[in-house]
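Survey of secondary and tertiary structure
So the chains spell out like this:
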Amino acid sequence: MSAQPIEALYASAPDRIAQARRTFGRPLTLSEKIFASHCWDFGRQKWERGKAILRLRVDRVSMQDVTGQMALLQFMHSGRKRVAVPSTLHCDHLVRAESGSADDLARAIRENEEVYNFLRSASRKYGIGFWKPGSGIIHQVVLENYAFPGGLMIGADSHTPNGGGLGMLAIGVGGADCGEVMAGLPWEVLHPKLIGVHLTGKLGGWTAPKDIITFLCTRLTVKGGTNKIIEYFGPGAESISATGKGTICNMGAELGATTSVFPFDSRMAAYLRATERADVAKLAEAFREHLVPDPDVVGDPKRFFDELVEINLDELEPHIVGPHSPDRGRPIGELAAEARENRWPTRITNALIGSCTNSSYEDMRRAAHVAAQGIKAGLKAKMPFLITPGSDRIYQTIKRDGMVDTFAKIGGTVLANACGPCIGQWKRSDVKPGETNTIVSSFNRNFPGRNDGSAATLSFLTSPEIVTALAFAGTLEFDPVRGTLPDGRGKPFRFTPPEAEELPRDGFAHGEEGYEPPAADPESVRVIVRPDSDRLQLLEPFKPWDGRDFVDLPILVKAKGKTTTDHISPAGPWLRYRGHLDKISDNMFLGVVSAFTGDAGKGVNPLTGGEPQPFTTIARDLKARGVRWVVIGDENYGEGSSREHAAMSPRYLGCAVVLVKSFARIHETNLKKQGILPLTFKDPRDYDRVGAQDRVSVTGLAALAPGKPVTVTLKKPDGRTETFEALHSLTDEHITWFKAGSALNAAQGERT
């Protein structure tokens, strides 16, 4: 990438930052400096954490091949001939892990040819950089090529915050946000609150960057970061490599955080130079005072952060989280007893390292150091050991430096440079369907069904080096830090702590990295979507609001417990249909547990009764009758992935209102973008008042206004009514989206 836009940003930022200090009347955190530098209209911008809506100018947009399909389909409605900001698309999600890198990649290209051709041609036509299948996982490729200190990026993937490892505010969003920014519109986000994480001490021994974020997830929980930025600082931050920082920021998405960020330091500069961006490193070094929090913030952080967490890295132990939630954690030494107490299968069926979270050179070198110890002791992995390099650059380098051979000697298989098992693209044959089993990985997310489509798989997350040691033991009852294993001669063997360079001493190797630039003559490029395709479908605009209250709407589903976007719109084999709204809608609520029946993915038709049937079947019946419907949800509804299909499918099949105890940030925004009314119970106990045969009315919509509650009335089967208030976070612009039927409709209306 060219350093000129970065130089221009750095040239204009000091005045903006000084203006922000005057406006706020105090020193600034790093996040505040980046927001001030990217404010769309500083003179009209209101600043109030947790309440104001920020309108921002974005430096870059990134998309992957699944969410990117819908983002491009929406962008095509804008009528623009070229994207307004630098943008890239990365083919990483559609590669299914099955038999190894070469076979899996060839199969993916064959099976997804139509989609890849669409994405390639649209990228060439509209000025988007295209990274072909096998080139790497979006976040690793962005870190290696595009992320830079002090920048602001949005990406159609929830783990976009990986870019915070290079001091960038990189934020996961839905595809509609990407489409609008690429069309030249400002990007809007709720002004996040700030959590400061003060790091002291230094990582050492078995403790890795992954342990900082697994510890933090355990402490703050999956909704502890909602509408907040996690800003790390302190002497401990300087002891962590840039890629280690990326790991921490990447998995900050599991806190529900808007994003996470580290201040610029010499480790970032070293990584920029190692990835052939010495010009960017030089600019950042000259601009350094604006890429770190002000000294007063570091000296007295309680004055500047809404919450403060202290972590002494000298005392931090290796952690492991799971099963079923990334905030269910403990130090590795406590896992064995907890597993026995909960009767989790302690035998590990698969061990997996890599992913966008943990596939850096340093990660692979530390894992290989552990593997080499096992080889010397006469050991092999006791189960399939799968390695996912984050990019072609990483793969070529670890191959050159002997790590691929080391992993092969313990029985390892290298998968394609793609998401694979981390996103549910994993075809297993080692367990029976529905068989309870345990896996360990260095991935970022472990909701039921996340990795292999089976809710019976118990998934535990930890660092790559701990995963590698556990692969030799074959059981959760082994503590690599303190325990011993019988070596090849039956004698007790203890691993020594892993060692590694953070960057390759001989530089990164190069291969077929897979970048394709936009066409020089875009008018000659045709973007083809076949009318009879079952993979791609051009979008039709949703109908505008008719101006009337929602009266006596039936309830399609009342969700019980954790309801992630994986539950609402599962991935795995369904990734195939992410560009076809009608087909993908057949997976709607497939994993959602009904509070009325206890079934997952099924409910009773509120109009006709009868036996439980799939929610999507009921929704299509209601849609055919012209009846819109309501969803009732639990806490942190919609946590997890950024996939906007979890909002688009309900809208397409007739959802009018989603009423929950609380929302995850991205999903609530996605609902607003698609014209669904997202409401929260003013009193969460009102959730218990909602019955299966109730009819729901939401009234006073003609007077819908920011900060003004709406009235919800439940009509019981016997004719009784119960009324309560519900809250919303709609701004004036969000209300415009609702009235227009979607944000896309509203934007088109402005242009016409």
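Preceding this paragraph is the structure being described.
**Observations concerning the side chain of Ser-569**
- With respect to the secondary-structure elements, Ser-569 resides in the loop between helix H18 (565-568) and helix H19 (581-584).
- In this structure the side chain of Ser-569 is engaged in a polar contact, spanning 3.4 Å, whose partner is the side chain of Asn-587.
- With near-sequence residues (within four places) excluded, Ser-569 lies in contact with Arg-578, Ile-584, Asn-587, Arg-643, His-645 and Ala-646.

**A closer look at the packing of helix H8 (residues 209-220) against helix H9 (residues 242-251)**
- Interhelical geometry of H8 versus H9 gives an angle of 20 degrees and a closest axis separation of 8 Å. It follows from the interaxial angle that H8 and H9 lie roughly parallel. The hand of the H8/H9 crossing is right-handed. Of H9, the residues touching H8 (which contributes Pro-209, Lys-210, Ile-212, Ile-213, Thr-214 and Cys-217) are Gly-244, Thr-247, Ile-248 and Met-251.
- Across the contact of H8 with H9, the residue classes tally to six nonpolar, three polar and one charged.

**Focus: the nonpolar core**
- Met-63, Leu-199, Ile-212, Leu-216, Tyr-232 and Phe-407 are the most contacted members of the largest nonpolar core, which totals 176 residues.
- No other element matches the seven residues that helix H17 (residues 464-473) contributes to this core.
- Setting aside anything within four residues of it in sequence, one finds Leu-199 in contact with Ile-212, Tyr-232, Phe-233, Gly-234, Pro-235, Gly-236, Ala-237, Ile-240, Phe-262, Ile-311 and Leu-313.
- Counting residues in each nonpolar core, the second largest holds 26 residues, with Trp-545, Phe-550, Val-630 and Leu-714 among its members.

**Section: the pairing of strand S29 (residues 710-715)**
- With five bridges joining them, strand S28 (residues 695-699) and S29 adopt antiparallel strand pairing. Each bridged residue has a counterpart across the sheet, and for Val-698 the counterpart in S29 is Val-712.
- Alignment of S29 against strand S30 (residues 721-727), held across six bridges, turns out to be antiparallel. Along S30, the bridge assignment pairs Thr-713 with Thr-723.
- Where S29 folds back onto S30 in an antiparallel hairpin, the turn is made up of five residues, including Gly-719, whose phi is positive at roughly 95 degrees.

**Thoughts on helix H4 (residues 101-111)**
- Those residues of H4 lying buried are Asp-104, Arg-107 and Ala-108. For H4, the angular spread of buried residues about the axis comes to 100 degrees, placing them on one side. In H4, the exposed positions that point more than 90 degrees away from the buried face belong to Ala-102 and Arg-110.
- Those residues of H4 hidden inside the fold are in contact with helix H5 (113-126).

**Details of the sheet that holds S30**
- The sheet built from seven strands closes into a barrel, its strands ordered S22-S25-S26-S27-S30-S29-S28 with mixed pairing. Across this sheet, the average inter-strand angle for adjacent strands is 40 degrees, counted without regard to direction.

**Things to note about unusual backbone geometry**
- In this structure, Pro-323 follows Gly-322 across a cis peptide bond, with omega equal to 0 degrees.
- Looking at the element boundaries, Pro-323 is found in the loop between strand S12 (319-321) and strand S13 (329-331).
- In this structure, Asn-227 is a non-glycine residue whose phi angle is positive, near 60 degrees.
- Structurally, Asn-227 can be placed in the loop between H8 and strand S9 (228-233).

The rules we used
- Residues numbered from 1 in each chain as written.
- Predicted model: local features only at pLDDT ≥ 70, side-chain atom pairs only at ≥ 80, totals over all residues.
- Heavy atoms only, no water.
- Helix = DSSP H or I, 4+ residues; strand = E, 2+ residues; numbered from the N terminus.
- Polar contact = N/O pair within 3.5 Å; in protein donor to acceptor, adjacent residues only side chain to side chain.
- Contact = heavy atoms within 4.5 Å.
- Axes fitted to C-alpha atoms, helices over the stretch in contact; angles between N-to-C directions.
- Parallel < 35°, antiparallel > 145°, perpendicular 65-115°, else oblique.
- Left-handed = near helix turned anticlockwise from the far one by under 90°.
- Nonpolar A, V, L, I, M, F, W, Y, C, P; charged D, E, K, R; others polar.
- Core = buried A, V, L, I, M, F, W, Y, C linked by side-chain atoms within 4.5 Å.
- Buried < 20%, exposed > 50% of the residue type's maximum accessible area, 1.4 Å probe, protein only.
- Pairing = 2+ DSSP bridges.
- Arc of directions from axis to C-beta.

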